[in-house]
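Secondary and tertiary structure notes
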Amino acid sequence: MSDIILGIESSCDDTSAAVIKDGWLLSNVIASQDVHKAYGGVVPELASRAHELNIVPVVSEALSRAGVKPQELTAIAFTRGPGLLGSLLVGTSFAKAMGLALDIPIVMVNHLQGHLLADFIRQPGKEVNEPAFPYLCLLVSGGNSQIVRVDAPLQYTMLGQTIDDAVGEAFDKCSKMMGLGYPGGPVIDRLARQGDPDRFKFTKPHIPGLDYSFSGIKTSLLYFVRDEMAKDPEFMEKNKEDICASFQKTLIDILMDKLVKAAKQTGIKDITIGGGVSANSGLRERLRSEGEKRGWRTFLPEFKFTTDNAAMIAIAGYYHYLAGERTPLDVAPVSRMSDF
Ligand code: KG4
């Protein structure tokens, strides 16, 4: 008999539901929340209210696109954390209620594990291209900057992580500071393509081991822009492409230096990337070229599977389900990774 899993993701500002059958994706629906744009960042209270509005239509759309009736579901996988507590509460409560109504098990998933396993989402009609275990995943988003060693679907070790800001935060905060808008990553990425990445230099951190730090570069950019603007108020407008290109290159250098170090230390040559920042064109290009140079096999998931989506939660939930894991109905969401 087939295993049909409904995945639910609501950790931040995307409400998403997906259906997978025996590991193959049948549907993946994502409702993003534009309401936060006006505030230059995600407003937690507005996010949870939008999840409440979106969750029922998103789940029914995912089931209808998959051609699956609720009664045919085997289990419901949901993001338990980490993320915004109010947002997580919506997805978790919905999964519990639906599981109870259908009398089927629910399976909790760590959001980060979803990102780690995004390459294993199989799509009908598309070639299967999966990394071999063990592989390294560079997980980069608005909340995470990590290098993770994945030994098996449910077995992973954090090799390094940020000690302060996430790299996506650096993109977003610096974009806001330069008056370029939110979310900052896509704007900086677009402007960077037209600029000179070697024109300006920004401070790189000296952090031991495989950990990252991104707060210093934020300050370095702040002082740089402030000083230059004092000399020429038009400086930002005249040079924004070069500033973005140089800033982005510095962030990519920081990310890649540690990834190369991790690959050397572990001898692992299958490298994947996940999280919203992995949509960055400069980073993708660099990973590809670095991979060719070093004999790595690199895996770049499709854009729709790099940002928050329920397909990755469904596939991770599928592995948990196969391992016999079931989550009790009194489960509560958790906001932090350390609470998992
Ligand atoms: O994974 P994600 O959708 O949400 C969480 O953080 O959980 O990641 C969002 C982050 C934001 O910081 C956004 O600026 C960044 O991903 N991002 C990018 C690009 N597209 C999105 N950063 C750099 N370049 C991009 N093209």
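Residues numbered from 1 in each chain as written. Predicted model: local features only at pLDDT ≥ 70, side-chain atom pairs only at ≥ 80, totals over all residues. Heavy atoms only, no water.

**Section: the overall build of the chain**
In terms of regular secondary structure, the chain is built from 10 helices and 10 strands. Relative to the compact-globule value of 20 Å for 340 residues, the chain shows a C-alpha radius of gyration of 20 Å, a close match. Based on the C-alpha atoms only, the size of the chain along its principal axes is roughly 65 × 45 × 35 Å. Split into buried and exposed, the 340 residues of the chain put 53% on the buried side. Accessible surface computed for the chain: about 14,700 Å², of which carbon and sulfur atoms make up 53%. Taken as two groups, the 36 positive and 41 negative side-chain charges of the chain have centres that lie 4 Å from each other. (Helix = DSSP H or I, 4+ residues; strand = E, 2+ residues; numbered from the N terminus. Rg over C-alpha atoms; globule rule 2.2 N^0.38 Å. Buried < 20%, exposed > 50% of the residue type's maximum accessible area, 1.4 Å probe, protein only. Areas by Shrake-Rupley, 256 points an atom, 1.4 Å probe, with all protein chains shown as cover. Lys, Arg positive; Asp, Glu negative; His and termini not counted. Charge placed at Lys NZ, Arg CZ, Asp CG, Glu CD.)

**Observations concerning helix H1 (residues 44-66)**
Compared with an ideal rise of 1.5 Å per residue, which puts 23 residues at 33 Å, H1 spans 31 Å between its outermost C-alpha atoms and is within 8% of the ideal. At Asn54, H1 is deflected by roughly 40 degrees, the largest bend along its length, and proline Pro57 occurs up to four residues later in sequence. Those residues of H1 that are buried are in contact with strand E1 (4-9), strand E2 (14-21), strand E3 (24-32) and helix H2 (85-102). Positioned one or two residues after H1, Gly67 has a phi angle of 70 degrees, which is positive. (Expected span 1.5 Å × (residues − 1). Bend = angle between axes of the 7 residues up to and from the residue. Contact = heavy atoms within 4.5 Å.)

**Digging into the domain arrangement of the chain**
Its domain assignment divides the chain into domain 1 (4-127 + 308-322) and domain 2 (135-304). The C-alpha-based centres of domain 1 and domain 2 are spaced at 27 Å. Counting residues at the interface gives 22 residues for domain 1 and 20 residues for domain 2. Across the domain 1/domain 2 interface, buried area totals approximately 1,700 Å², and carbon plus sulfur atoms make up 61% of it. If you sort the residues of domain 1 by the area they bury against domain 2, His115, Leu116 and Asp119 come out on top, with a joint share of 34%. Linking domain 1 with domain 2 are 1 salt bridge. (Domains from an automatic or database assignment. Buried area = accessible area lost by both parts, 1.4 Å probe. Salt bridge = Lys/Arg side-chain N within 4 Å of Asp/Glu carboxyl O.)

**Observations regarding the environment of Arg49**
Its location among the elements puts Arg49 in helix H1. Spatially, the C-alpha atom of Arg49 lies 8.6 Å from that of Gly86, the residues being 37 residues apart in sequence.

**Quick word on the packing of aromatic side chains**
In this structure the tally under the stated criterion is 12 aromatic pairs. Centroid distance Phe133 to Tyr135: 5.5 Å. Interplanar angle 35 degrees. Geometry classified as tilted. With a centroid separation of 6.0 Å and an interplanar angle of 65 degrees, the aromatic rings of Phe200 and Phe235 are classed as edge-to-face. In this pair, Phe200 is assigned in the loop between helix H5 (184-192) and helix H6 (215-231) and Phe235 in helix H7 (residues 235-266), connecting sequence segments 35 residues apart. Judged on exposure class, the residue Phe200 and its partner Phe235 are both buried. Grouping aromatic residues by their ring pairs yields a cluster made of Phe171, Phe200, Phe202, Phe224, Phe235 and Phe247. (Phe/Tyr/Trp six-rings, centres within 6.5 Å; stacked < 30°, edge-to-face > 60°.)

**A few points about the site of the ligand**
Around the ligand, a shell composed of 18 residues is seen, among which Gly142, Asp172, Asp189, Gly276 and Asn280 lie nearest. The separation between an oxygen atom of the ligand and a polar main-chain atom of Gly142 is 2.7 Å. The side chain of Asn280 places a nitrogen or oxygen atom 3.0 Å from a nitrogen atom of the ligand. Bound to the protein, the ligand loses 86% of the 550 Å² it would expose on its own. Listed by contribution, the elements that provide at least two residues to the shell around the ligand are helix H4 (167-177) and H5. By residue number, the principal contributor to the shell around the ligand is H5, which donates 4 residues. Looking at the shell around the ligand residue by residue, the classes come out as 5 nonpolar, 10 polar and 3 charged. (Near = heavy atom within 4 Å. Polar contact = N/O pair within 3.5 Å; in protein donor to acceptor, adjacent residues only side chain to side chain. Nonpolar A, V, L, I, M, F, W, Y, C, P; charged D, E, K, R; others polar.)

**Points about the pairing of E1**
Judged by how many residues are buried, E1 sits mostly within the fold: 6 of 6 residues are covered. Here E1 shows two buried faces, one formed by Ile4, Leu6 and Ile8 and the other by Ile5, Gly7 and Glu9. Bridging between E1 and E2 involves 6 bridges; their strand directions are antiparallel. Residue Ile4 lies in a different strand from E2, and its bridge partner there is Lys21. Linkage of E1 to E2, two consecutive antiparallel strands, is achieved through a turn of 4 residues. (Pairing = 2+ DSSP bridges.)

**Some thoughts on the layout of surface pockets**
Empty pockets left among the atoms are what a rolling probe the size of a water molecule brings to light. Approximately 300 Å³ is the volume attributed to the second largest pocket. Every residue lining the second largest pocket is counted, 17 residues in all, and those nearest its centre are Asp119, Ile121, Glu127, Asn129 and Glu302. A breakdown of the residues in the lining of the second largest pocket according to their chemical character gives 8 nonpolar, 3 polar and 6 charged. (1 Å grid on protein atoms, 1.4 Å probe; cavity = no way out; pocket = protein on both sides within 12 Å on 5 of 7 lines; lining within 4 Å. Points joined across faces, edges and corners; volume = space filled by probe spheres on them.)

**Focus: the sheet that holds strand E6 (residues 135-140)**
For sheets, the rule is that strands pair by backbone hydrogen bonds, running either parallel or antiparallel. As summarised here, the arrangement of the 5 strands in space is E8-E7-E6-E9-E10, forming an open sheet in which the pairing is mixed. One side of each edge strand has no neighbouring strand; the edge strands of this open sheet are strand E8 (155-161) and strand E10 (297-299). The sheet shows a mean angle of 25 degrees between the axes of neighbouring strands, taken without regard to direction. For strand E9 (residues 270-274) and E10, the ladder comprises 3 bridges, and the chain directions are parallel. (Axes fitted to C-alpha atoms, helices over the stretch in contact; angles between N-to-C directions.)

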